[in-house]
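# Tertiary structure, described
Below are the chains, spelled out letter by letter.
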Amino acid sequence: MHFQWDWLCLGVLIISSVAAEIENEETLDADVEVEDFDKQSEEADVDRDKSSLEVVYQTPKPTGEVYFTETFDGVLAGWVLSKTKKEDTDDNIAKYDGRWEVEELKENTVSGDRGLVLKSVAKHHAISAMLTKAFIFDNKPLIVQYEVNFQEGIDCGGAYIKLLSSSDDLNLEYFFDKTPYTIMFGPDKCGEDYKLHFIFRHKNPKTGEYDEKHAKRPDVDLKKFYLDKKTHLYTLVLKPDDTFEMLIDQSVVSKGSLLEDMVPSVNPPKEIEDPSDKKPDDWDERPKIPDPNAVKPDDWDEDEPSKIEDPDAVKPEGWLDDEPQYVPDPNAKKPKDWDEEMDGEWEAPQIPNPKCETAPGCGHWVRPMKNNPNYKGKWKAPMIDNPNYQGIWSPRKIPNPDYFEDLHPFKMTTVSAIGLELWSMTSDIYFDNFIICSEKEVADRWAADGWGLKKLVASANEPGMFSQLVTAAEDHPWLWVLYILTLALPVGLGVLFCWPAKKTDEDIDYKKPDVSKPITKGELKQEREDLEDDEIELEEEKENEETAEDERREMEEKKRELIKDAKKMGREASPSEEEGEGGEDIDDEEENEVADGSQEEGDKSNKSGSEDEMKEADESTGSRDGPLKSVRKRRVRKD
């Protein structure tokens, strides 16, 4: 019983773990891990049980020093649409004529909260704005943060931003793909390639040229951020100690060093290969060469084919030699528009010969091919180590004339504008709540009043667990099997451990009281027959023992008779006086002897009787169904 309860507890524990895991996932999705930094953010929080229509939205306001902010809740001021064309592109698609709109989210709408939406498909889009004040890379961190929602998913397109480099000739109306930028950051996807870009343009201190340095790809799976149609928060943090962090929804997805984790490396190598160095003509790079002393064996025949006909093969019985494998289709008809002068003579298409379907084959029979046991192929000399091997040649190293060492790549070109220059095959990409600052606390407060509220509303409007499970099963049908097993497990455990089990014979015997129960005539007759069989076997054993004892008693009786005869003869010869005394003595001796004999017989009979009683006790213990008495036959002896 303890074993059954252990299994029941284990099953309940498994079910509870699965349910808790699902509930935790919902809770993690629903919880907004933001702090209430001021009274405004506290007033913006809403109860999760209330509808999103009851949310009171207030436009986020920065709480510290910022270089740029944009919520798109008011008039779209300061943003400039590009009027130029993309270079090296066909004229019909080169123009930046993609349409932008300021509107609310399609789903999980927060009344009053609007964003910038990319509306056109398969067009180039470019829009930009100047920063409130330029950011100079000195001793303060750079924090760039904004929100993106792929409302229709994403097929091929990006949602990254560019921080444009400060220059005297910067004109936002001519913003295009070749406009110099300092940093590019944000999501990008095409096909099944999901990326999160962080690229910065590094200036060579010797040549003055700029090279793009790409951060290594994050180790996390980014797919869900592109397909779930939710608003996600993208954050880039650059620190003066030349380190960086990329965050999605305030969770770090990638971090590293500007000196070590960028491709290509910021600093070039100290030495490079000499471009004027050439490999000598006699340089031998072969580690193995054919053995020059090897000779082809005399019995090596290179002319033997690899395959030969099998001489043991026999044509299958029933092979139709006169039937072709394909025949013209008898049901085919010449098309009405067939022109024999233009198309030639019409022929019905060929179909497999129906007669060959039931036969082993049709047409001319050919013996099958098999591997030639005498085939050896072309002889080649075995390979040996090359005594002249010199290794793989490589040009010599020389000092890199372009070598430099930039120990602080954080000091990049000053940023004075922000821009979106995108191409997308999917419309309705939503952007909102841009902020550029130097303090992480300011960015977090900004996120709490904007993105945090969106996430709270989206969580409140999410379908229940049952709907999510059904939706997941529609995408992955194998989940139905898991659901069925999960539901069947508690039911099966309940039936197994709670249903009354059938009592076994041992349990019945254990619980049976000592009071005798009524027995039927049939059972009584059967038990009597069994008892008689046991008595017959017991009597046979006793007869064997009694036969030996009878022989011994006969010997003793003969001995007594001889003694009596001898005494009798002695009494007759002795005087009458002595006859009385001697007779008494002899009688006493006879009585003693007889008593001794009877005592021995009594001891043996008692011993035999005790053994019989023990056997009967065992039999009566084994059969508890009735108070049957075992009759033990005793041998009656005459005195």
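Look above for the structure.
Residues numbered from 1 in each chain as written. Predicted model: local features only at pLDDT ≥ 70, side-chain atom pairs only at ≥ 80, totals over all residues. Heavy atoms only, no water.

### Side note on the overall build of the protein
A tally of regular secondary structure across the protein gives 12 helices and 25 strands. The buried share of the protein, reckoned over its 639 residues, is 32%. For the protein, the proportion of contacts with a sequence separation of at least 24, taken over those separated by at least 6, is 75%. For the protein, the exposed surface amounts to about 42200 Å²; the carbon and sulfur share of it is 51%. (Helix = DSSP H or I, 4+ residues; strand = E, 2+ residues; numbered from the N terminus. Buried < 20%, exposed > 50% of the residue type's maximum accessible area, 1.4 Å probe, protein only. Contact = heavy atoms within 4.5 Å. Areas by Shrake-Rupley, 256 points an atom, 1.4 Å probe, with all protein chains shown as cover.)

### Some points on unusual backbone geometry
Of note, the bond from valine 263 into proline 264 is cis; its omega dihedral lies within 30 degrees of zero at -10°. Secondary-structure assignment places proline 264 in the loop between strand 15 (262-263) and strand 16 (271-273). At aspartate 249, a position not held by glycine, the phi torsion is positive, near 55°. With respect to the helices and strands, the residue aspartate 249 is situated in the loop between strand 13 (243-248) and strand 14 (251-257). Unusually for a residue other than glycine, glutamine 250 sits at a positive phi of about 65°. You can see glutamine 250 is positioned in the loop between strand 13 and strand 14. Judged by its relative accessible area of 25%, glutamine 250 falls in the partly exposed class.

### Considering helix 6 (residues 440-449)
Of all the 10 residues making up helix 6, seven are buried; the element is thus mostly covered by neighbouring parts of the structure. Turning to helix 6, its buried residues are Val442, Ala443, Asp444, Trp446, Ala447, Ala448 and Asp449.

### As for the packing of aromatic side chains
Here a ring pair, both rings aromatic, is described through the centre-centre distance and the interplanar angle of the planes. A full pass over the atoms with the stated rule returns 15 aromatic pairs. Seen from their ring centres, phenylalanine 135 and phenylalanine 137 are 4.9 Å apart, and the 85° between their planes marks the pair as edge-to-face. Between the aromatic rings of phenylalanine 150 and tyrosine 226, the centroid separation amounts to 5.5 Å while the plane-to-plane angle is 20°, which identifies the pairing as stacked. Taken together, the positions of phenylalanine 150 in strand 6 (residues 142-150) and tyrosine 226 in helix 4 (residues 223-227) put the pair 76 residues apart, joining distant regions of the chain. (Phe/Tyr/Trp six-rings, centres within 6.5 Å; stacked < 30°, edge-to-face > 60°.)

### Thoughts on the side chain of aspartate 242
Along the chain, aspartate 242 turns up in the loop between strand 12 (232-238) and strand 13. When residues no more than four places from it in sequence are discounted, the contact partners of aspartate 242 are Gly256, Ser257, Leu258, Leu407, His408, Pro409 and Phe410.

### Here we look at the pattern of salt bridges
For the structure shown, the criterion picks out 29 salt bridges. In this structure, the salt-bridge partner of glutamate 103 is lysine 119, at a minimum N-O distance of 3.0 Å. Taken together, the positions of glutamate 103 in strand 3 (residues 100-103) and lysine 119 in the loop between strand 4 (115-118) and strand 5 (123-135) put the pair 16 residues apart, joining distant regions of the chain. In this structure, lysine 106 engages glutamate 152 in a salt bridge whose closest nitrogen and oxygen atoms are separated by 2.8 Å. Placement of the pair is lysine 106 in the loop between strand 3 and strand 4 and glutamate 152 in the loop between strand 6 and strand 7 (156-158), with a sequence separation of 46 residues. Overall, the relative accessible area of 48% leaves lysine 106 in the partly exposed class. Judged by relative accessible area, which is 39%, glutamate 152 ranks as partly exposed. When salt bridges with common partners are traced through the structure, they connect Glu103, Lys106, Lys119, Glu152 and Asp428 into a single cluster. (Salt bridge = Lys/Arg side-chain N within 4 Å of Asp/Glu carboxyl O.)

### So, a negative patch on the surface
On the surface, a cluster of negative charge is made up of Glu551, Glu554, Glu557, Glu561 and Asp565. Secondary-structure assignment places glutamate 561 in helix 11 (residues 521-573). (Patch = residues over 30% accessible without salt bridge, like charges linked within 9 Å, V, L, I, M, F, W, Y side chains within 5 Å. Lys, Arg positive; Asp, Glu negative; His and termini not counted. Charge placed at Lys NZ, Arg CZ, Asp CG, Glu CD.)

### Things to note about the nonpolar core
Counting 62 residues, the largest nonpolar core has Ile183, Phe198, Leu238, Ile418 and Phe431 as its most contacted members. Those residues in contact with phenylalanine 431, other than ones at most four positions away along the chain, are Phe72, Trp100, Gly115, Leu116, Tyr146, Glu147, Val148, Ala159, Leu420 and Leu422. Core analysis: the next-biggest nonpolar cluster, separate from the first, contains nine residues, Val66, Val237, Ala443 and Trp446 among them. (Core = buried A, V, L, I, M, F, W, Y, C linked by side-chain atoms within 4.5 Å.)

### Describing the state of the cysteines
All chains considered together, the criterion is met by two disulfides. A sulfur-sulfur distance of 2.2 Å marks the disulfide that ties cysteine 156 to cysteine 190. In this structure, the disulfide formed by cysteine 156 and cysteine 190 twists by about -90° around the S-S bond and is classed as left-handed. Of the two residues, cysteine 156 is situated in strand 7 and cysteine 190 in strand 9 (residues 181-190); the sequence distance between them amounts to 34 residues. Taking the relative accessible area as the measure of exposure, cysteine 156 reaches 19% and is therefore buried. Assessed through its relative accessible area of 44%, cysteine 190 is described here as partly exposed. Residue cysteine 356 pairs covalently with cysteine 362 via a disulfide, S to S 1.8 Å. Linking cysteine 356 and cysteine 362, the disulfide has an S-S dihedral of approximately -125° and is accordingly described as left-handed. On the basis of relative accessible area, cysteine 356 is assigned to the buried category, the value being 18%. The class for cysteine 362 is buried, based on a relative accessible area of 4%. For the protein, numbering the cysteines in disulfides from first to last along the sequence yields the connectivity 1-2, 3-4. (Disulfide = S-S within 2.5 Å.)

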